[in-house]
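Inside the fold
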Amino acid sequence: MKTALAALVIALLGAQSCTAAPPAVRLYVFDCGILNIADPMALFGLKQEEVGNPNLSDAAYLIVHPRGTLIWDTGFLPDSVIESGEPQTGLARASKTLKGQLAQAGYRPADITYLALSHYHGDHTGNANDFQAATWLVSKVEHDAMFAEPPPRITSPATYNALKNSKTVYVKTDGDYDVFGDGTVVIKPTPGHTPGHLALVVKLVKTGPVMLTGDMYHYPEEVARESVPPGEFDSAQSAATRKAVREFVQKTGTQLWIGHDIIGFSKLRKSPEFYE
Ligand SMILES: [Zn+2]
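To start, this report covers the structure provided alongside it. (Residues numbered from 1 in each chain as written. Predicted model: local features only at pLDDT ≥ 70, side-chain atom pairs only at ≥ 80, totals over all residues. Heavy atoms only, no water.)

With the rule as written, the count across this model stands at six aromatic pairs. Consider the rings of Phe44 and Tyr219, whose centres lie 5.5 Å apart with planes at 75°: the pair is edge-to-face. Of this pair, Phe44 sits in helix α2 (residues 40-44) while Tyr219 sits in the loop between β11 (208-212) and α8 (235-252), and the two are 175 residues apart along the sequence. Overall, Phe44 belongs to the buried group, its relative accessible area being 10%. Look at Tyr114 and Phe180: their rings are 5.6 Å apart centre to centre, the planes differ by 70°, and that puts the pair in the edge-to-face class. With Tyr114 in strand β5 (residues 114-116) and Phe180 in the loop between β8 (177-178) and β9 (185-189), this pair connects stretches of sequence that are 66 residues apart. Pair check on accessibility: Tyr114 and Phe180 agree, each one buried. Through a chain of ring-to-ring contacts, the aromatic side chains of Trp136, Phe147 and Tyr160 assemble into a single cluster. Above the plane of the ring of Phe274 lies Arg26, whose end atom (NZ or CZ) is 3.8 Å from the centre. Against the face of Phe248 rests Lys188, its NZ or CZ located 4.5 Å from the ring centre. (Phe/Tyr/Trp six-rings, centres within 6.5 Å; stacked < 30°, edge-to-face > 60°. Helix = DSSP H or I, 4+ residues; strand = E, 2+ residues; numbered from the N terminus. Buried < 20%, exposed > 50% of the residue type's maximum accessible area, 1.4 Å probe, protein only. Lys NZ or Arg CZ within 6 Å of the ring centre and 35° of its normal.)

Judged by how many residues are buried, β11 sits mostly within the fold: four of five residues are covered. Here strand β10 (residues 198-204) runs beside β11; their pairing, made up of five bridges, is antiparallel. Each bridged residue has a counterpart across the sheet, and for Lys203 the counterpart in β11 is Pro209. What sits between the antiparallel neighbours β10 and β11 is a turn of three residues. (Pairing = 2+ DSSP bridges.)

Let's shift gears to the coordination of the zinc ion. Every protein donor of the zinc ion is accounted for by Asp123 (OD), His124 (NE2), Asp215 (OD) and His260 (NE2), and the metal-donor separations fall at 2.0 to 2.1 Å. Given four donor atoms and angles of 88 to 158° at the metal, the environment of the zinc ion is assigned as irregular. Read in sequence order, the donor residues coordinating the zinc ion give the pattern D-H-x90-D-x44-H. Of this pair, His124 sits in helix α5 (residues 122-125) while His260 sits in the loop between β12 (255-257) and α9 (262-266), and the two are 136 residues apart along the sequence. Summarising the burial analysis for this pair, His124 and His260 share the class buried. (Donors = N, O, S within 2.8 Å, 3.2 Å for Na, K, Ca; no water. Tetrahedral: all angles 85-135°; square planar, octahedral: opposite > 155°, others 65-115°.)

The next point concerns empty space enclosed by the protein. Tallied over the full model, the rule gives four cavities of 30 Å³ or more. In this model, the largest cavity occupies a volume close to 70 Å³. Around the largest cavity sit Asp58, Ala59, Tyr61, Asp73, His124, Leu212, Thr213, Gly214, Asp215, Trp257, Gly259 and His260, which together line it. With three residues, the top contributor of residues to the lining of the largest cavity is strand β2 (residues 56-65). Tallied by class, the residues present in the lining of the largest cavity amount to four nonpolar, five polar and three charged. (1 Å grid on protein atoms, 1.4 Å probe; cavity = no way out; pocket = protein on both sides within 12 Å on 5 of 7 lines; lining within 4 Å. Points joined across faces, edges and corners; volume = space filled by probe spheres on them. Nonpolar A, V, L, I, M, F, W, Y, C, P; charged D, E, K, R; others polar.)

Here you go:
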């Protein structure tokens, strides 16, 4: 009898553990400050009056999955600059450190499983060195450009050169890279802005699918446009990437989260709140 009861309990427990839903994927949004843009026309081919606010937000994100964590982009100003309390002038200003925002969500840089940067420009790599213990997910073409002599324009190698020694996984450039193996967090090659630019699609249970678009766009006004901004690494690639993303959005209903869209970004919940 005892054995039968034990078997029944084990069967019930087993059934329960099979049907219990895994914890949902969470997406935390970090505010890494503001970039002052004097002339959106020269940089992005848009007139001041075409964009609601020419200045850009600067974003980083943390994805928490049952199998690990992924930090996506790392801001512009290194935390040490923000902590120094020196008045910030010039292109960027920020008041919150990335480490501080990460701590509010319950994580330290050393806890993070994966690091990925949408691309190598300095406004995305500011605190990359802090994540050198993570496994770096990067396309080989972007990786090799980052460590070339001389480095590409608009890069700050001092903010990322510790990654040279990080465990590195090269993501495919001809298809998606499924970070956790269950299709919920997927890196998409989106070349053009830089040679190995990446976007991230996160399938959230309540929010629905979201694409973190990196610098495929800086303003939402660009999404419907056929033309691409000046200064792209490869304009033809950018145009092809934008076309593919428009088709993907049409097919899947994925929301585009443009990290530099200061108006859209201001409406997002910031860490320690999260999306799921
Ligand atoms: Zn950028």
